[in-house]
Amino acid sequence: MKTAMSKRAVAVVSFAQSKNVRREDHRNEVEMLLPVVSEVLGNVGLTKDEMGFVCSGSSDYLVGAPFSFVMALDAVGAWPPMRESHVEMDGAWALYEAWTLLNEGEIDTALVYSFGRSSPSDLNKVLALQLDPYYMAPLWPGPVALAALQARALVDSGKATEADFAEVAARSRVAAVDNPYAQVTGNTSPEELLAEDYVAPPLRRHALPPITDGAAAIVLAAEDRAAQLCERPAWIAGLDHRIETHALGARDLTVSPSTRKAAVGAGLLVDEALSTKAGPHIEVDVAELHAPFAHQELILKEALGLSEKTKVNPSGGALAANALMVAGLTRIGEAASRLMDGRAQTALAHATSGPCLQQNLVCALQAERPEGRGARA
Amino acid sequence: MKERLAVVGVGQTKHASQRTDVSIAGLVREAAKRALEDAGMDWSDIDAVVIGKAPDMFEGVMMPELYLAPALGAVGKPMIRVHTAGSVGGSTAIVAAHLVASGTHEKVLTVAFEKQSDSDAMWALSVPQPFSPPLLAGAGGYFAPIIRAYMRRSGAPDHIGILVAVKDRKHALKNPYAHLHIEDISFEMVRDSMMLWDPIRYLETCPSSDGAAAMVLASERVAKSTVTGRPPAWVHGMAMRSEPTMFAGRDQVNPRAGIECAKDVFGQAGITDPRREIDVAEVYVPFSWYEPMWLENLGFAAEGEGWKLTDAGATSLDGGDIPWNASGGVLSSNPIGASGMLRFLEVALQVRGQAGEHQVDSVRRALGHAYGGGSQFFSMWVLGADKPD
C-alpha cells in the first residue's frame, strides 16, 4: 500500500472558527457558518467563486434533521453551481477529501468547513446511536460511560493515574486562557480539579469535554497558488487516517494502533513497531490532539511516541471546546495557525471519530514547502 | 497527473421491501463480497473503503460506518463516509474514484446501502424544524408540483409518465436483482393505480427498498493485470455539481447544476452528442416524469422535446436507440442511499458486457447519473469499454 504522502505541495492558507459556546440560542447553522466562511475567504482575499472545490463535514443526528448540510451550504452560496461534497464525519475528513482532489491536480484551491450544534440534543442518548444497533445501542451506553471504561482500563494497566488526567485538564484550561474562541478556560490547579466529584469513575468533570456549539473553516491551496495567497503557508507533508473495529471488547482500549498507523501513513513514523530507535519518535514543535477525554491525550501521546519537547494542545484542545464534527478540523486549523504566524516550524494535527478513539486521522504540517510530484519545475 | 482507473468488480444484493434475513452489516457485506469475488480479490487486497448512504435517520444509526468497519474489512484501513442526499450513491463512487485517480490508493472498495425497513423514510424526511414548513409528504409531495410545471411548460401529454413506469418495470423483469417484478405490468394497470401526489400515481413512484451496491475501483496497473477474464469498465469522466435548494429564479424543472454537471462529464469523455455517442444510460428516475425531464437536462433532447423520445420508445430496451434504465431503474429498486450507486454500477455491467438479460448490444460508452435534494445535487460518470486516451 502506498503511503498517503502529498503528490503536490498542498497547504492550509487560511483558518477561521466561531466562538465555541455551550448554546447557540439565536443563530441557526447557516448563521453560525456565514461569518466563519466570510472570514476564512477574506483572510486570503478570495471569493467562493474562486474555490475549485467545497467540502463539508457534519452530522444530521446533532441537529435532529435529515440533510442538515443542505441548508448549511447556503452559508457559501452555491450559485452558480459548484463542485461540492459532504462527509457525515468530522470536517477533518472533508479536508482529506479536498486534499485528495488537490493532489490530483485539477484544482488549486478548496474550501472546507464544518459545523456542530450539540445543544439541541442529549448527547449521551444521541451518541449511543453510533453503536452497533443490534447488540450495543439497545443497552444505551453513553459516550461518558464508554470513555470511563477506557480510562479505567488505562488506570488498571498502570500507565496513568487520575492525577495524570487532572494534569492534562489543568494544562488545557491554562492554555485556553489565551484562546479567545475557547469555552472552558482558567488557571485551575490539578489539585483543585482532583477535588471534584466523579461523573463516571475514574472520570471527574474536568476529564470530560464540554458540550459545544461551533463551526470552523479552512482554505487549502496547492503549489504556487498557496505561496501567493499566504506568506507562510502551513504545508501538508502527509495525511492519513485509519479505523479500528467497532467491537470494544475486541480492542485493547489503552492503546491506539490506528493513530500510530495513520502517523506512519502521514510520514511521521517509520513503522508501526517504533523499532528504529528508542524514542521520542515524533518531535514537532506543536501537536494538536483531538482528545475529547483527558485520558485519551495520554493514549495518543504514547501511540505517536511524542517528544516531551512538543507543545501539546496550545489551543486548549477538545477539553476547552468540543464542537462535534468540528473539533478535529479545528485541530488542523489551530496547528496550521502556528505555522502561518511563524510561531512553529513543524506541527502535527490529529482528529478522532467514534467511541473510545475508534477512528483516527493524522496530519503532518511544516513551514518548509515539500517537493510534491508536481513541484516547481 | 490524473491516473486512469476502472471498475473491476461489481456486486449488489437482491433488493426487496424487507430484507429481514440480514442485518445492516449482512446486507452491505452481501454486496461487497460479490464485488470482491467479481474482481477476483479478497478483503485483504483492498486499500481503503468509501461508504455512502442517505440520512442516518433512515435506519436510526448515527454514522453507521463506525459499526460497519469490521463487516467491510476496513479495520486498519482508511474509511470515509459520504452523504450528499439522494445523489450519495453516485457521489460515494466518485469520492472513491478520486482516491485512485489521485494516486493515493490502487484498490478501493466502495459501498452504498439503505435498509429502509429498519425505519421510515417518510417520517425521517418530515421531522419538524423550527421556522421551516414541514414537508409531511415525503419526496413525492415535493416533486409533484415541479412535474406539473414541466407538463405545462413542455405541453407533454398526460400519458408520458405512464409509459416510463411501464417501460422500466418491463426492464426490471430482465434483472434478477430488481425489487419489483410485476409480471403483468400494463399501461392500464399504471393508469388505474391510485393517484398519490397528482400527477404522480402509485405505480409511477419508486418503491421503498432494502438493498446495497458495491464496486471495486482499481488503478490502470491493477485493472490491466486482472485475471478474472471480465474486462474492466474504464472511467472516462466524472463530475459533481451542487446548487442551493431555493431562491427566486432557480429553475427546478431544468436545474442549471444538472446541465453544467452533464457538460463537464461529457466534456471529459469527449462526447458532444450524448444521444448518438452514449449507448445506454442509467439515470436516476424516482418518479416516472423525471425521464423526459432529465432527457432534456442532460442534453439527450432539446428543451421541451424530451417527452417525444419517451413517447417514440427511444428509451426502451425493446428497439429504442438510447435505452434508459435497462435494469429497471429507481422505479423498480430504491434502496435510497444505494440507488445512485446502482446507476453507476449498472453502466459498469453494460460496458463490461455482464448485464445478462438486460444487456444492450455492443456498449462502448455509458452514462451513470444520480441526483438528490430538491434536484440540486448531481453526480455523473461516463464509463467506456476502451481505455481513455
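Note that the structure is predicted; figures quoted are calculated from it, not measured.

Thresholds applied
- Residues numbered from 1 in each chain as written.
- Chains lettered and ligands numbered in written order.
- Predicted model: local features only at pLDDT ≥ 70, side-chain atom pairs only at ≥ 80, totals over all residues.
- Helix = DSSP H or I, 4+ residues; strand = E, 2+ residues; numbered from the N terminus.
- Rg over C-alpha atoms; globule rule 2.2 N^0.38 Å.
- Buried ≥ 20, exposed ≤ 12 C-beta atoms within 10 Å, placed from the backbone.
- Contact = placed C-beta atoms within 7 Å.
- Nonpolar A, V, L, I, M, F, W, Y, C, P; charged D, E, K, R; others polar.

Visitor: Let's hear about the overall build of chain B: which residues, and what values?
Guide: Assigned secondary structure in chain B consists of 13 helices and 11 strands. By the compact-globule yardstick of 21 Å for 389 residues, chain B fits well, its C-alpha radius of gyration being 19 Å. With respect to the principal axes defined by its C-alpha atoms, chain B has extents near 55 × 45 × 45 Å. A buried classification covers 63% of the 389 residues belonging to chain B. Within chain B, residue pairs in contact and separated by at least 24 positions form 79% of the contacts whose partners lie at least 6 positions apart.

Visitor: Describe the interface of chain A and chain B, and please don't skip the residues or the numbers.
Guide: Opposite the 55 residues of chain A that make contact, chain B presents 51 residues. At the level of secondary structure, the elements contributing two or more residues to the side of chain A that touches chain B comprise α2 (60-63), α3 (68-72), β3 (84-87), α4 (91-104) and β8 (234-243) of chain A. The biggest single contributor to the side of chain A that touches chain B is α4 of chain A, with six residues. Considered class by class, the residues forming the side of chain A that touches chain B number 25 nonpolar, 15 polar and 15 charged.

Visitor: Any chance you could break down unusual backbone geometry for me, citing the residues and the numbers?
Guide: Residues and elements named next belong to chain A. Cis geometry marks the peptide bond from W79 to P80, where omega comes out at 0°. Relative to the assigned elements, P80 resides in the loop between α3 and β3. The peptide bond linking P201 to P202 adopts the cis configuration, its omega dihedral lying at 5°. Examined against the element boundaries, P202 turns out to sit in the loop between β5 (198-200) and β6 (203-204). One non-glycine residue, C356, lies in positive phi territory at about 55°. Among the structural elements, C356 can be located in the loop between β11 (346-353) and β12 (359-366). Its 20 C-beta neighbours within 10 Å are what place C356 among the buried residues.

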